[in-house]
Amino acid sequence: MKVKELFKNKTVYSFEVFPPKSTSSIDTIYNALDKLVDLKPDFISVTFSAGGSGNSTLALDIASKVKSMGIIPVLHLPCINYTREQIDQTLDEAKRRGIEHILALRGDINPDIPPVKDFVYASDLIRYLRTKGDFDIAAACYPEGHPDAENIEQDIENLKIKVNAGADHLITQLFFDNAYFWDFREKAAAKGINVPIEAGIMPVVNKKQIERMVTTCGASLPRKFVKIMQKYEHNPEALRDAGIAYAIDQIIDLAAGDVDGIHLYTMNNPYVATKISEAVSGVISV
Ligand code: FAD
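Colleague: What's the story with unusual backbone geometry in this structure? I'm lost.
Modeller: Apart from glycine, the bulk of residues carry a negative phi angle, and the bulk of peptide bonds sit in the trans form. At Lys-40, a position not held by glycine, the phi torsion is positive, near 55°. If you trace the backbone, Lys-40 turns up in the loop between helix 2 (26-38) and strand 2 (43-46). Backbone geometry at Asn-268 places phi at a positive 60°, although glycine is not the residue there. Among the structural elements, Asn-268 can be located in the loop between strand 8 (261-265) and helix 11 (270-280). Judged by relative accessible area, which is 17%, Asn-268 ranks as buried.

If you want it as structure tokens, here you go:
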């Protein structure tokens, strides 16, 4: 069964994990996966660095592990720093391992790495993927607009190109104010974008994450969110509980508005994913 089919019958519920840093053991992610698969998400996606090292083995290994545990793996594939040959190698290896789902991405442009020009935008990769077999193709979208785009309208025009190129479904960048998601969904529909859109939800549960949110994420931080973070930033347990509750509140509102799916940025944290999954199991068919 492909993920694009699942949207026809249910609110899709999925997780994202990332390969551990080179300083941590691979067992840390495998231990986390043991617990995450028990929550029975519809798929687990695995991030992949756009760095250009050409080493996709770790992401492929984790995706293979997810598959062996009976859950659909979705392999992220950023293209900006990879040659066509490197992309081909990764796709061939994915096929060999039975990985049929790709999240096709451009990747962030790193000022220190001149982009390889084989694929300029995610839509170029998606068009190419369409010639490479029967992949289920997801793509990224941005409720508050992508930072490189002039404005949200221009970004949605570009999103339409990506969908026309063959994206089967979309996953949003994280956001903390659902109003941006509703507005974006309406604008996308008005432009004729009618593939399913999963909402990306990031539970913010520790101080390091707060600092990252404030400096780099670009998502608007609503007053309610800032108040909670300021109140509890020095109390790890309270901050964790408050971050979980905030994410649950977002998900319940999204489910009530008939969102197509929820994609949980788990940060490889099964405790947080479990608490959230338990709390929302009634409103989405987890
Ligand atoms: P694109 O869709 O190519 O868009 C990039 C910019 O170009 C946008 O501003 C867009 O408006 C513009 N644009 C697009 N098409 C055109 C066109 N035809 N003409 C003119 N302008 C155009 N990064 C990683 O490195 N690894 C990951 O694993 C990863 N996972 C992610 C998962 C999700 C769910 C999301 C939302 C993002 C993820 N990213 C990841 C980050 C992503 O790579 C960056 O946000 C990147 O800057 C843009 O990628 P994209 O695929 O959205 O690019």
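After presenting the structure, the write-up continues.
Colleague: Whenever I open this one, the nonpolar core confuses me. Can you help?
Modeller: Note that soluble globular proteins tend to have their nonpolar side chains buried in a common cluster. Membership of the largest hydrophobic core comes to 68 residues, with the highest contact counts inside it found for Leu-33, Ile-44, Ile-87, Leu-170, Ile-262 and Ile-276. Here this core gets six residues from one element, more than from any other, and that element is helix 10 (residues 236-256). Here Leu-33 is in contact with Val-17, Ile-44, Ile-62, Lys-65, Val-66 and Met-69, once residues within four sequence places are set aside. Within the second largest apolar cluster, 27 residues are counted, among which are Ile-72, Met-213, Met-229 and Tyr-265.

Colleague: Please explain the sheet that holds strand 6 (residues 169-172) as it appears in this structure.
Modeller: Strand-to-strand pairing in sheets goes through backbone hydrogen bonds, with the strands running parallel or antiparallel. If you trace the eight strands once around the closed barrel, you get 1-2-3-4-5-6-7-8, paired in parallel fashion. Within this sheet the neighbouring strands show an average axis-to-axis angle of 25°, counted without direction. Pairing between strand 4 (residues 101-105) and strand 5 (residues 136-141): four bridges, direction parallel. Looking at strand 5, one finds that Leu-103 is bridged to Ala-138. Contacts between helix 3 (residues 57-68) and the sheet are confined to strand 1 (12-17), strand 2 and strand 3 (72-78), with strand 3 contributing the most and set at about 165° to the helix. The sheet strands contacting helix 7 (residues 178-190) are strand 5, strand 6 and strand 7 (197-201), and the helix crosses strand 7 at an angle near 160°.

Colleague: For this particular structure, what's the right way to read the site of the ligand?
Modeller: The local shell around the ligand holds 24 residues, among which Phe-48, Asp-108, Tyr-142, Asp-155 and Lys-162 are the closest. Contacts to the ligand include Ala-50, whose backbone N or O atom sits 3.4 Å from an oxygen atom. The contact in question runs from an oxygen atom of the ligand to an N or O atom on the side chain of His-146, over 2.8 Å. Of all the secondary-structure elements, those providing two or more residues to the shell around the ligand are strand 3, strand 4 and helix 6 (152-165). A class-by-class count of the residues in the shell around the ligand yields 13 nonpolar, six polar and five charged.

Colleague: What is the right way to look at helix 3 in this model?
Modeller: An α-helix turns once per 3.6 residues; consequently, residues spaced three or four apart project the same way. Compared with an ideal rise of 1.5 Å per residue, which puts 12 residues at 16 Å, helix 3 spans 16 Å between its outermost C-alpha atoms and is within 8% of the ideal. The elements touched by buried residues of helix 3 are strand 1, helix 2, strand 2, strand 3 and helix 4 (84-96). Gly-70 occupies a position one or two residues after helix 3 and carries a positive phi of about 90°.

Colleague: Explanation requested: the packing of helix 5 (residues 122-130) against helix 6 in the structure shown.
Modeller: At a minimum axis separation of 8 Å, helix 5 and helix 6 run at an interaxial angle of 10°. When the axes of helix 5 and helix 6 are compared, the pair comes out roughly parallel. Contacts between helix 5 and helix 6 involve Ala-122, Ser-123, Ile-126, Arg-127 and Arg-130 from the former and Ile-161, Lys-162 and Ala-165 from the latter. Looking at side-chain class alone, the contact of helix 5 with helix 6 contains four nonpolar, one polar and three charged residues.

Colleague: I would appreciate a short explanation of helix 4 in the present structure.
Modeller: The end-to-end C-alpha distance of helix 4 is 18 Å, a good match for the 18 Å that 13 residues give at a rise of 1.5 Å each. Taken residue by residue, helix 4 has Ile-87, Asp-88, Thr-90, Leu-91 and Ala-94 as its buried positions. Relative to the axis of helix 4, the buried residues are bounded by an arc of 165° and lie together on one face. Residues of helix 4 that are exposed and angled more than 90 degrees away from the buried face: Glu-85, Gln-89 and Arg-96. Looking one or two residues beyond helix 4, the residue adopting positive phi is Gly-98, at roughly 75°.

Colleague: Would you mind showing me how to read the pattern of salt bridges here?
Modeller: Where charged atoms from two side chains of opposite charge come close, those side chains can pair. Evaluated as defined, the whole model comprises 16 salt bridges. Glu-5 serves as the salt-bridge partner of Lys-8, at 2.6 Å between the closest nitrogen and oxygen. On the basis of relative accessible area, Glu-5 is assigned to the partly exposed category, the value being 30%. The salt bridge partner of Arg-96 is Glu-93, with a shortest N-O separation of 2.8 Å. Taken together, the residues Arg-96 and Glu-93, both in helix 4 and three residues apart, mark about one turn of the helix. Arg-96 gets classed as exposed once you look at its relative accessible area, which sits at 62%. Owing to a relative accessible area of 22%, Glu-93 belongs among the partly exposed residues under this scheme. Connected through salt bridges with shared partners, the residues Asp-61, Glu-93, Arg-96 and Arg-97 form a single ionic network.

Each value, and the rule that gives it
Residues numbered from 1 in each chain as written. Predicted model: local features only at pLDDT ≥ 70, side-chain atom pairs only at ≥ 80, totals over all residues. Heavy atoms only, no water. Helix = DSSP H or I, 4+ residues; strand = E, 2+ residues; numbered from the N terminus. Buried < 20%, exposed > 50% of the residue type's maximum accessible area, 1.4 Å probe, protein only. Core = buried A, V, L, I, M, F, W, Y, C linked by side-chain atoms within 4.5 Å. Contact = heavy atoms within 4.5 Å. Pairing = 2+ DSSP bridges. Axes fitted to C-alpha atoms, helices over the stretch in contact; angles between N-to-C directions. Near = heavy atom within 4 Å. Polar contact = N/O pair within 3.5 Å; in protein donor to acceptor, adjacent residues only side chain to side chain. Nonpolar A, V, L, I, M, F, W, Y, C, P; charged D, E, K, R; others polar. Expected span 1.5 Å × (residues − 1). Parallel < 35°, antiparallel > 145°, perpendicular 65-115°, else oblique. Arc of directions from axis to C-beta. Salt bridge = Lys/Arg side-chain N within 4 Å of Asp/Glu carboxyl O.

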